[in-house]
Amino acid sequence: MKETILCQGCWEHMHMPTAIRGPLAFLFKTFGIKKSKMHPNMCTFCETNFAKIMKHKQIPVPTTILFADIRGYTDLSQQIEASKLNELLHLFYDRCSAAVWERDGVVNKFIGDAVLAIFNFPLIRQEHVHNAVRAAVQLQQDCEHLKAEIGLADLHTLGVGIGIHTGECYIGEVGTTYKDFTAIGPVVNLTSRLQGAAGIGEIMVTQEVFNQVKDQFPDAQKRTLTLKGITSPVDGYVLA
Ligand SMILES: [Zn+2]
């Protein structure tokens, strides 16, 4: 990922030159504006400002949502030291973030062990569905490499399950004191459930996502899923 001097969110949405790197960054820092943890080319002003504006506007935004969850590490806690396990989790989050950032998605928050990534907001990218799928493929590959690096390549109970769905979301707030933005709505809920239905090492996507990437995944496997909290069965595709 190429690091930018100006915040891409501020620039693309408001044509506002907010320096997050370079000689002028200190100036913004004195006003409490610095690099965002959601995406290194975005600023903290974006985090709070977008939450405010979008909540007020209440317009749905087309987004692609990716949920990734690390599985089997609780069992691992009985086999390896806590410090090593912690290191493993950090490495996982780092690589997950890198895969998402590379494709202009933001890592919105960590729910337990799960990562929620949003594509197409605030960085608007026409190819957001493809970007999310590419990030997921890279994440699965990185996870395999990571396991090999730490000598756990044969441990098949350890890995990542990923769910991806696309559709219109609302941008709302999370947090009480420091309100930053998140995606809200049925698309997010369905993606979360989909991720739960994905097995270790799998990328499970909805029909909407599959329609856009099917040429690249001719061997995808279709599954009819009954998901908690969703009334009718959902067709899921495991990308292979
Ligand atoms: Zn910004």
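All values derive from a computational prediction rather than experimental measurement.

A. Representation of the domain arrangement of the chain within the structure. What the domain assignment lists for the chain is domain 1 (8-57) and domain 2 (60-238). For domain 1 versus domain 2, the distance between C-alpha centres works out to 25 Å. Contacts between the two partners involve 18 residues from domain 1 and, on the opposite side, 19 residues from domain 2. Both faces considered, domain 1 and domain 2 share a buried interface measuring about 1,600 Å² in area, 64% of it formed by carbon and sulfur atoms. Considering only the surface of domain 1 that becomes buried against domain 2, Met38, His39 and Met54 emerge as the three largest contributors, covering 35% of it. Taken together, the links from domain 1 to domain 2 amount to 1 salt bridge. For Arg125, the salt bridge is made with Glu12, and the minimal N-O distance between the two is 3.0 Å. In terms of residues, the side of domain 1 that touches domain 2 owes the most to one element, helix α3 (residues 44-57), which gives 9 residues. When the residues that make up the side of domain 1 that touches domain 2 are grouped by side-chain class, the tally is 7 nonpolar, 6 polar and 5 charged.

B. Examining helix α7 (residues 186-197) more closely. Helix length check: α7 (12 residues) gives 17 Å between terminal C-alpha atoms against 16 Å at 1.5 Å per residue, within 8%. Buried residues of α7: Val187, Val188, Leu190, Thr191, Leu194 and Gln195, and no others. Burial along α7 is one-sided: seen end-on, the buried residues are contained in an arc of 165°. In α7, those exposed residues whose orientation departs by more than 90 degrees from the buried face are Pro186 and Gly196.

C. Spatial organisation of helix α5 (residues 82-101). For α5, spanning 20 residues, the distance from its first C-alpha to its last is 28 Å, which sits close to the expected 28 Å at 1.5 Å a residue. Within α5, the full set of buried residues consists of Leu85, Leu88, Leu89, Phe92, Tyr93, Cys96, Ser97, Ala99, Val100 and Trp101.

D. Highlighting a nonpolar patch on the surface. On the surface, Leu24, Phe26, Leu27 and Phe31 cluster together into a nonpolar patch covering about 460 Å² of accessible area. You can call Phe31 exposed: its relative accessible area is 67%.

E. The coordination of the zinc ion, seen in detail. Around the zinc ion, the protein supplies Cys7 (SG), Cys10 (SG), Cys43 (SG) and Cys46 (SG) as donor atoms, at distances of 2.2 to 2.3 Å. One chain supplies every donor for the zinc ion, spaced along it as C-x2-C-x32-C-x2-C.

F. Representation of the packing of α5 against helix α6 (residues 128-149) in the model. The interhelical angle for the contact between α5 and α6, taken along N-to-C directions, is 150°, at an axis separation of 9 Å. The orientation of α5 relative to α6 falls into the category roughly antiparallel. Two packed elements cross with a definite hand, and for α5 against α6 that hand is right-handed. Every residue of α6 that contacts α5 at Leu88, Leu91, Phe92, Arg95, Cys96, Ala99 and Val100 is listed here: Ala135, Gln138, Leu139, Asp142, Leu146 and Glu149. Looking at the contact of α5 with α6 residue by residue, the class counts come to 9 nonpolar, 1 polar and 3 charged.

Reading the values: rules and limits
Residues numbered from 1 in each chain as written. Predicted model: local features only at pLDDT ≥ 70, side-chain atom pairs only at ≥ 80, totals over all residues. Heavy atoms only, no water. Domains from an automatic or database assignment. Contact = heavy atoms within 4.5 Å. Buried area = accessible area lost by both parts, 1.4 Å probe. Salt bridge = Lys/Arg side-chain N within 4 Å of Asp/Glu carboxyl O. Helix = DSSP H or I, 4+ residues; strand = E, 2+ residues; numbered from the N terminus. Nonpolar A, V, L, I, M, F, W, Y, C, P; charged D, E, K, R; others polar. Expected span 1.5 Å × (residues − 1). Buried < 20%, exposed > 50% of the residue type's maximum accessible area, 1.4 Å probe, protein only. Arc of directions from axis to C-beta. Patch = residues over 30% accessible without salt bridge, like charges linked within 9 Å, V, L, I, M, F, W, Y side chains within 5 Å. Areas by Shrake-Rupley, 256 points an atom, 1.4 Å probe, with all protein chains shown as cover. Donors = N, O, S within 2.8 Å, 3.2 Å for Na, K, Ca; no water. Axes fitted to C-alpha atoms, helices over the stretch in contact; angles between N-to-C directions. Parallel < 35°, antiparallel > 145°, perpendicular 65-115°, else oblique. Left-handed = near helix turned anticlockwise from the far one by under 90°.

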